[in-house]
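# Summary of structural features
Each chain is listed here by its residues.
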Amino acid sequence: MTAPATVTHTLLARELRVDTATGHPVLKGVSYEIAPGEVLALVGESGSGKTTAGLAALGHFRRGLIHTGGGVSVQSDDGEPVSVLEVGDRQRRSLRGSTVAYIPQDPAASLNPALRIGKQIGEVLETHGYGASAAERSTRIAEVLGEVGLPDDEAYRRRYPHELSGGQQQRVGIAMAFACRPNVVVLDEPTTGLDVTTQTLVLRTISALTTEHDTAALYITHDLAVVATIAHRVAVLRRGEVVECGSTEEVLRAPAHAYTRELVTAVPHLDGTGATDTSGSGRSTPGSSTPGATESGAAGASAADMEVAGDAEHTPVLSVSGLSVAYGEHRVLRDVSLDVRAGECLMLLGESGSGKTTLSQCVAGLGLPHAGTVSVSGTPLAASTQRRTAEQLRSVQYVFQSPYSSLNPRKTIAQSVELPLRTLTDLDAAARRERVTETLERVRLDPALAGRLPDELSGGQRQRAAIARGLVTTPDVLLCDEVTSALDVSVQATIVDLLCELRRELGMAMLFVTHNIALARHVADRIAVLRGGEVVESGTVGEVLDSPSHEYTRELLANTPRM
Amino acid sequence: MTATTTQPTLLRRALSLPQAKIGLTLTVVVVGVAVLGPWVGPWLTGHDTTGFAGKPFQPGGIAGTDGLGRDVFTRFLSGGLTLLVYAVLATALGLVLGAVLGMLAGYSGGRLDSLIMRGSDVLLSFPQLVFALLAIAMIGPEGWLLVLVIGVTHAPRVARVARQATVAVKDADFIRAARMYAMPRRRILLREVLPNITGPLMVELGLRLTYSIGYVASLSFLGLGIQPPTADWGLMINENRIALVVEPWGVLLPVLAIAVLTVGTNLITDSLASAASGTSNTGKPNTAKEASA
């Protein structure tokens, strides 16, 4: 994919400088330009300033940010460049939506739930005086709905946003943005939160529309695999500076800057390279035995751990059988059965709504009453933690998705990590403190940070602390619920590394719950694919990835963006 | 121990605001007068609070005499302490009672929640002052009753705030984690929930203190609070109002003190509120949040 050769640029940002109110620089002279019909991806981790740089194209700065230098010019409809940051408020407002359009991250939050979708698109047209009559606007609404691949009939236009799926909502958002045929669209992570299959559809829609209408698109994202799918050129942002800019092919295949290389190598790959073997510099061969691990590989890992009983490979540590859960009429899990052996990692793969979190919470004792049994080392567990013994509670530990909410913001790291020891063991204070320090070292977190509050730590450090809390009681089963999804890609890689190493060191069984199939070879020995509350396919990682037997798995694999 | 890590930060943030500094100064001045007054007064003026200093409503001394010929300034200096102690006790009672009930209702949900909150709705439907008047009319103007009645009428108001704040944090992952570790409910409320709702509770504390001062003073003014011949600001206003034109200090001094104190505590409350609202979120916004169940 190459950009059409042009001399003029539709969007041109020059030396953008933005500070916070306290004088801390957010953007330190960011420049980018986009030709008509071209998609430029603005890539960076959280805090890199990518959203600020992107929203500047709309002439918008978040509250508390001050524009200190540079400018953005956009080609208006009559072909003249307009300086977005210098024109008056009124003119800037009229530019937005008609010349420069914005597609936000969360489609559900950006649509008015009380208005029918046809009316919402119509409002955009009306505000910008598009079309001479209501009939003309109505035709345009039907046309643009068709363009984004939605039904254009009257009945569909009379629907409310809540009657649509997430992917449809996002396509309505795109339709609103493209309704007035803008010259520039700014997309702020528009596919984050969508399932991979839906993501593919939305990406295709965006691609087709930008090409067809010669629209310049600025695509803000942290996901390099998506970038590879959609963008012509990439600008990599780091701490408010563009460290590398070039064609997608160049930047992703042969990154010139060290930071870009780090980002690219941290992205997990379906074929198992990346994440585990490159991100850790000089660490003890992480991941080398994981790709394509077989039954014997898993057994070998557990046998290496002397504390695990000799016949560990025959009796599963965690065994779930016939598990069914229903919220009223809606059945979330239907007769699910799983086994995880000591030292083995089972990846529970599923998209939103598949019931994967419900399943892991049932195992942890946080879920609803359920039918079927969950047993650990042969002992069936009660459904609720209140009726489990301290020993049972100790043996199953759960690591939550977001380290931003799983640690009490008013407690120090040491206090949080110590918690399970206080409630589940009868160790005295000195022994507890020693255990905490030991565990923090084990998760590669400097024990000097133990006295800090979670707010004073980075996302990766927090997740390490949360993992330490799970490990401090030396569990037999560790449940990891989407533990990497709230983290930046480079941090994700180190956390995945860490979990692999810990599993090998401690020989515990691990249930790794995720929506990201690309992580499979990096963490898991076996995969169970969950869909609509049922396990549709399970087997070793090699089997499932190389020769998927269920159609849904094949679809997932086909739609997972690759670099 | 968790409180020690949170309160200084909230207080320090609040106190960095200029209005908090003004509020604190005003409050400290009035509290200083009220606390030191009973000891310093007789030594300063040579009169005690109930002794005769001269003819009624005469301009002698610093602020003249009152209707019974007692020294107004001495009585003013002594008249704040009881008022303050009652107000503080009533606030503390209301806050503790309200926080406990509110957290319990918010965290437990279901039937207990309905029971507590509907019960407090009943109490809320009485105007606070009318309820106090009713109780005092039945039992008599006792100090403990004043504290009890004002404290109890504060409780449902505090409970609403505490419940709302608890509901906002009760499904946070760290609370679920504590539940997973089989922490008893009492400890979850005390250790996990309470430190995370101190912000709104501090605001309530300030607000309820302001109200308490007002109520105690009003009840004394109406003759149902602190009884004569005790020196008390509320009572003094009532005793001396007939001579407002001739000898205004007997009314002006206590009115001024109550006004300054109320404004002072209100300013502190406001700055606590704005400091707390800056940290009401339990974590950083997740910019990189991804698809999840």
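Residues numbered from 1 in each chain as written. Chains lettered and ligands numbered in written order. Predicted model: local features only at pLDDT ≥ 70, side-chain atom pairs only at ≥ 80, totals over all residues. Heavy atoms only, no water.

## Digging into the overall build of chain A
Put simply, the test is: Secondary structure counts use DSSP, requiring at least four H or I residues in a row for a helix and at least two E residues in a row for a strand, with both numbered from the N terminus. Throughout, the radius of gyration refers to the C-alpha atoms, and the reference size of a globule is 2.2 Å times the residue count to the power 0.38. With a 1.4 Å probe rolled over the protein chains alone, any residue whose accessible area is under 20% of its type maximum counts as buried; one over 50% counts as exposed, and the rest are partly exposed. We call two residues in contact when some of their heavy atoms are within 4.5 Å. For the area figures, the Shrake-Rupley method with a 1.4 Å probe applies, and any residue is considered shielded solely by the protein chains shown. His is not counted here, nor are the chain ends, while Lys and Arg score as positive and Asp and Glu score as negative. For charged residues, the charge sits on one atom: NZ in Lys, CZ in Arg, CG in Asp, CD in Glu.
Helices and strands together make up the secondary structure of chain A, namely 22 helices and 20 strands. The C-alpha radius of gyration computed for chain A amounts to 26 Å, which stays within 12% of the reference 24 Å derived for 563 residues, consistent with globular compactness. Counting only residues that meet the buried cut, chain A has 58% of its 563 residues in that class. The long-range fraction of contacts in chain A, counting pairs at least 24 apart against all pairs at least 6 apart in sequence, stands at 69%. Carbon and sulfur atoms form 48% of the exposed surface of chain A, whose accessible area is close to 22,100 Å². Within chain A, one finds 52 positive and 67 negative side-chain charges whose respective centroids are separated by 5 Å.

## A short note on the pairing of strand 1 (residues 11-20) of chain A
Residues and elements named next belong to chain A. Formally: Only strands that DSSP links by at least two bridges are regarded as paired with each other.
For strand 1 and strand 4 (residues 65-75), the ladder comprises 8 bridges, and the chain directions are antiparallel. Pairing of Leu11 across the sheet is with Val74, part of strand 4. Relative to strand 2 (residues 25-34), strand 1 is paired through 7 bridges, and the arrangement is antiparallel. Bridge pairing in strand 2 links Val18 to Leu27. In this structure, the hairpin formed by strand 1 and strand 2 is closed by a connection of 4 residues, where Gly23 is found at a positive phi of approximately 95°.

## Thoughts on the UniProt feature "transmembrane region" (unreviewed entry) in chain B
Residues and elements named next belong to chain B. Selection rule: UniProt positions are given in the numbering used here, feature names are shortened, and annotations may be inferred rather than shown by experiment.
As annotated by UniProt and renumbered to match this structure, "transmembrane region" (unreviewed entry) occupies residues 20-40, 83-109, 129-153, 209-228 and 248-268. Counted over residues 20-40, helix gives 100% and strand 0%. Its end C-alpha atoms are 28 Å apart. Annotation note: span residues 83-109, helix share 96%, strand share 0%, distance between end C-alpha atoms 38 Å.

## Some thoughts on the UniProt feature "domain: ABC transmembrane type-1" (unreviewed entry) in chain B
UniProt feature "domain: ABC transmembrane type-1" (unreviewed entry): in the numbering of this structure it lies at residues 80-264 of chain B. Structurally, residues 80-264 of chain B comprises 80% helix and 0% strand, and the distance from its first C-alpha atom to its last is 15 Å.

## Observations regarding the sheet that holds strand 19 (residues 526-531) of chain A
All names here are of chain A. Applied cut-off: Comment: axis = line fitted to C-alpha atoms, over the contacting stretch for helices; angle = value between 0 and 180 degrees taken between N-to-C directions.
If you trace the 6 strands from one edge of the open sheet to the other, you get 16-17-18-13-19-20, paired in mixed fashion. Strands with a single pairing partner mark the edges of an open sheet, and in this sheet they are strand 16 (396-399) and strand 20 (534-540). Strand-to-strand twist in this sheet, taken as the mean axis angle between neighbours without regard to direction, amounts to 15°. Alignment of strand 19 against strand 20, held across 6 bridges, turns out to be antiparallel. Opposite Ile527, over in strand 20, you have Gly539 as the bridge partner.

## A few points about helix 9 (residues 185-193) of chain B
Test applied: Of all possible arcs, the one meant is that of the directions from the helix axis to the C-beta atoms.
Among the residues of helix 9 of chain B, Ile188(B), Leu189(B), Glu192(B) and Val193(B) are the ones counted as buried. The arc that holds every buried residue of helix 9 of chain B, seen down its axis, measures 115°, which confines them to one face. For helix 9 of chain B, the exposed residues lying more than 90 degrees away from the buried face are Arg186(B) and Leu190(B). The inward-facing, buried residues of helix 9 of chain B abut helix 16 (413-424) of chain A together with helix 4 (81-108), helix 7 (143-170) and helix 8 (173-180) of chain B.

## Things to note about the confidence of the model for chain B
All names here are of chain B. Let me state the cut-off plainly: Residue-level confidence of the predictor is what pLDDT reports, using numbers from 0 through 100.
Per-residue confidence for chain B averages 83 on the pLDDT scale, and 91% of its residues sit at or above 70. Mean pLDDT per element in chain B: helix 1 (residues 2-15) is the minimum at 59, and helix 4 is the maximum at 94. Per-residue pLDDT stays below 50 along residues 1-7; that stretch engages in 12 contacts with residues further than four places along the chain or on separate chains. Segment residues 279-293 is flagged for pLDDT under 50; beyond a separation of four residues in sequence, or across chains, it makes 38 contacts in the model.

## Looking at the pattern of salt bridges
All names here are of chain A. So the rule is basically this: Salt bridges are counted wherever a side-chain nitrogen of Lys or Arg sits within 4 Å of a carboxyl oxygen of Asp or Glu.
In this structure the tally under the stated criterion is 32 salt bridges over all chains. Put simply, Glu38 and Arg233 hold a salt bridge, and the shortest N to O gap is 2.8 Å. Separated by 195 residues along the polypeptide, Glu38 in the loop between strand 2 and strand 3 (39-43) and Arg233 in strand 9 (residues 233-238) bring together distant segments of the chain. Of the two residues, Glu38 and Arg233, neither departs from the other in class, the shared state being buried. Across the pair Glu189 and Lys50 runs a salt bridge, and its minimum N-O distance is 3.9 Å. With Glu189 in the loop between strand 7 (184-188) and helix 8 (196-213) and Lys50 in helix 1 (residues 50-55), this residue pair connects regions lying 139 residues apart in the sequence. Linked through salt bridges whose partners overlap, the residues forming this network are Arg14, Glu33, Glu38 and Arg233.

## Observations regarding the packing of helix 16 of chain A against helix 17 (residues 429-442) of chain A
All names here are of chain A. Counted only if it meets this: By definition, any crossing whose near helix is turned counterclockwise from its far helix by less than a right angle is left-handed, and any crossing with a clockwise turn is right-handed. Any residue that is not Ala, Val, Leu, Ile, Met, Phe, Trp, Tyr, Cys, Pro, Asp, Glu, Lys or Arg is counted as polar, Gly included; the first ten are nonpolar and the last four charged.
Two numbers describe how helix 16 lies on helix 17: the axes approach to 10 Å, and their chain directions differ by 115°. Between helix 16 and helix 17 lies a crossing of right-handed hand. Contacts between helix 16 and helix 17 involve Ile413, Ala414, Val417, Glu418, Leu421 and Arg422 from the first element and Arg432, Arg435, Val436 and Leu440 from the second. Here the contact of helix 16 with helix 17 is composed, by residue class, of 6 nonpolar, no polar and 4 charged.

## Points about the environment of Val152(B)
Residue and element names in this part refer to chain B. For Val152, the position within the fold is in helix 7. Along the chain, Val152 and Leu93 lie 59 residues apart, while their C-alpha atoms are 7.3 Å from each other. Look past the residues within four positions of Val152 in its chain and what remains in contact with it is Leu93, Leu97 and Leu123.

## What to know about the packing of aromatic side chains
Residues and elements named next belong to chain B. Condition: For Phe, Tyr and Trp, where Trp contributes only its six-membered ring, two rings pair if their centres lie within 6.5 Å, and the inter-plane angle classes them as stacked under 30 degrees, edge-to-face over 60, or tilted in between.
Per the counting criterion, the structure on display carries 5 aromatic pairs over all chains. Their ring planes at 20° and their centres at 5.5 Å tell us that Phe76 and Trp233 sit as a pair that is stacked. Of this pair, Phe76 sits in helix 3 (residues 72-78) while Trp233 sits in helix 11 (residues 233-240); the two residues are 157 residues apart in sequence, bridging distant segments of the chain. You'll find Phe76 and Trp233 in the same group, each marked buried. Between Tyr211 and Tyr215, the aromatic rings sit 6.1 Å apart at their centres with planes inclined by 20°, giving stacked as the arrangement.

## Description of a nonpolar patch on the surface
Residues and elements named next belong to chain B. The test is simple: Like-charged residues within 9 Å of one another, or nonpolar side chains (Val, Leu, Ile, Met, Phe, Trp, Tyr) within 5 Å, are grouped into patches, provided each residue has over 30% relative accessible area and no salt bridge.
Taken together, the side chains of Leu134, Met138, Ile139, Trp144 and Leu148 present a nonpolar region at the surface, about 560 Å² in accessible area. Elements represented by at least two residues in the nonpolar patch include exactly helix 6 (128-139) and helix 7. If you tally residues by element for the nonpolar patch, the top one is helix 6, at 3 residues. Considering the arrangement of structural elements, one finds Leu134 in helix 6.

## Some details on the sheet that holds strand 11 (residues 318-327) of chain A
Residue and element names in this part refer to chain A. Read from one edge to the other, the open sheet built from 4 strands follows the order 12-11-14-15, with strand pairing classed as antiparallel. The two strands at the open ends of the sheet, each matched to only one other strand, are strand 12 (330-340) and strand 15 (379-380). Note that strand 11 and strand 12 share 7 bridges and pair antiparallel. Bridge pairing in strand 12 links Val320 to Leu338. Here helix 14 (residues 356-364) sits on the sheet and contacts strand 11, strand 12 and strand 14 (371-376); the angle it forms with strand 11, its principal contact strand, is near 120°.

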